[in-house]
Amino acid sequence: MPIRRMNVAVFCTALIIVALCGVAAASTSEGITHITTLPYTITSPGYYVLDTDCSNAGWHYAIKITASDVILDGNGHTLDGIGNSDTYGVWAGNVENVTIKNLTVTDWRRGIYWDNVDGGSITGCIASSNDAYGIYLDSSRSNTITNNTASSNGCVGIRLIS
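Residues numbered from 1 in each chain as written. Predicted model: local features only at pLDDT ≥ 70, side-chain atom pairs only at ≥ 80, totals over all residues. Heavy atoms only, no water.

Draft legend 1. Representation of the confidence of the model for the protein within the structure. With 82% of its residues at a pLDDT of at least 70, the protein reaches an overall mean of 86. The low-confidence segment residues 4–29 (pLDDT under 50) makes zero contacts with residues lying over four places distant or belonging to another chain. (pLDDT = per-residue confidence, 0-100. Contact = heavy atoms within 4.5 Å.)

Here's what the structure looks like:
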């Protein structure tokens, strides 16, 4: 009898492990990464959802994107800096096919800064009260910028440099 109980216990434990692994695989298969702490660096392709705000952040950047094929959904959240030079709410560099949407960036040197980003989009974002530029694209090609608001920035709301 003790051996049979042990076999049942082992079977039940194995069944629970399989069930838990199935749940983990289901959430991973959705391909959504939730950003809950900042600053954050995106180093892999995928769909990212911002689940937090920051206020008076003194970091160099709140979100840095170094991977291609990324969608960053700000989910209506705000990244607020302190306006120091050489700071960025979101910085993306040397990548392709990056989308940023539904995000507010305030009080950075550059709210959204794209450095050599090709084939992406910025949509539904608010860039206001940044020290210099709300949305800044440098050496970036074939991008779409739609339905954004860039106001009360120190120099220019949206700047495109080739």
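Draft legend 2. Looking closely at the sheet that holds strand 16 (residues 149–151). Reading across from one edge, 4-7-10-13-16 is the order of the five strands in this open sheet, with parallel pairing throughout. Lying at the two open borders of the sheet, with one neighbouring strand each, are strand 4 (54–57) and strand 16. Recorded for the sheet is a direction-independent mean angle of 10° between the axes of neighbouring strands. Across three bridges, the pairing between strand 13 (residues 126–128) and strand 16 is parallel. Bridging across to strand 16, Ile-126 finds its partner in Thr-149. (Pairing = 2+ DSSP bridges. Helix = DSSP H or I, 4+ residues; strand = E, 2+ residues; numbered from the N terminus. Axes fitted to C-alpha atoms, helices over the stretch in contact; angles between N-to-C directions.)

Draft legend 3. Structural context of the environment of Gly-89. Within the fold, Gly-89 resides in strand 8 (residues 88–96). Taking relative accessible area as the criterion, Gly-89 reaches 0% and is therefore assigned buried. Considered as a pair, Gly-89 and Thr-106 are 17 residues apart in the sequence and their alpha carbons are 7.6 Å apart. (Buried < 20%, exposed > 50% of the residue type's maximum accessible area, 1.4 Å probe, protein only.)

Draft legend 4. Examining the sheet that holds strand 3 (residues 46–50) more closely. Taking strand neighbours across the sheet as the criterion, the six strands line up as 1-3-6-9-12-15 in an open arrangement whose pairing is parallel. The open sheet terminates on both sides in strands that have one partner only, identified here as strand 1 (32–35) and strand 15 (144–146). Looking at each pair of strands side by side, their axes are set apart by 10° on average, direction ignored. In this structure, strand 9 (residues 98–101) lies alongside strand 12 (residues 121–123), joined through three bridges in parallel fashion. Across the sheet, the residue bridging to Thr-99 is Ser-121, located in strand 12.

Draft legend 5. Structural view of the packing of aromatic side chains. Applying the stated criterion to the full structure yields four aromatic pairs. Aromatic pair Tyr-133 and Tyr-136: ring centres 4.8 Å apart, planes at 50°, arrangement tilted. One aromatic cluster in this structure is built from Tyr-88, Tyr-113, Tyr-133 and Tyr-136. (Phe/Tyr/Trp six-rings, centres within 6.5 Å; stacked < 30°, edge-to-face > 60°.)

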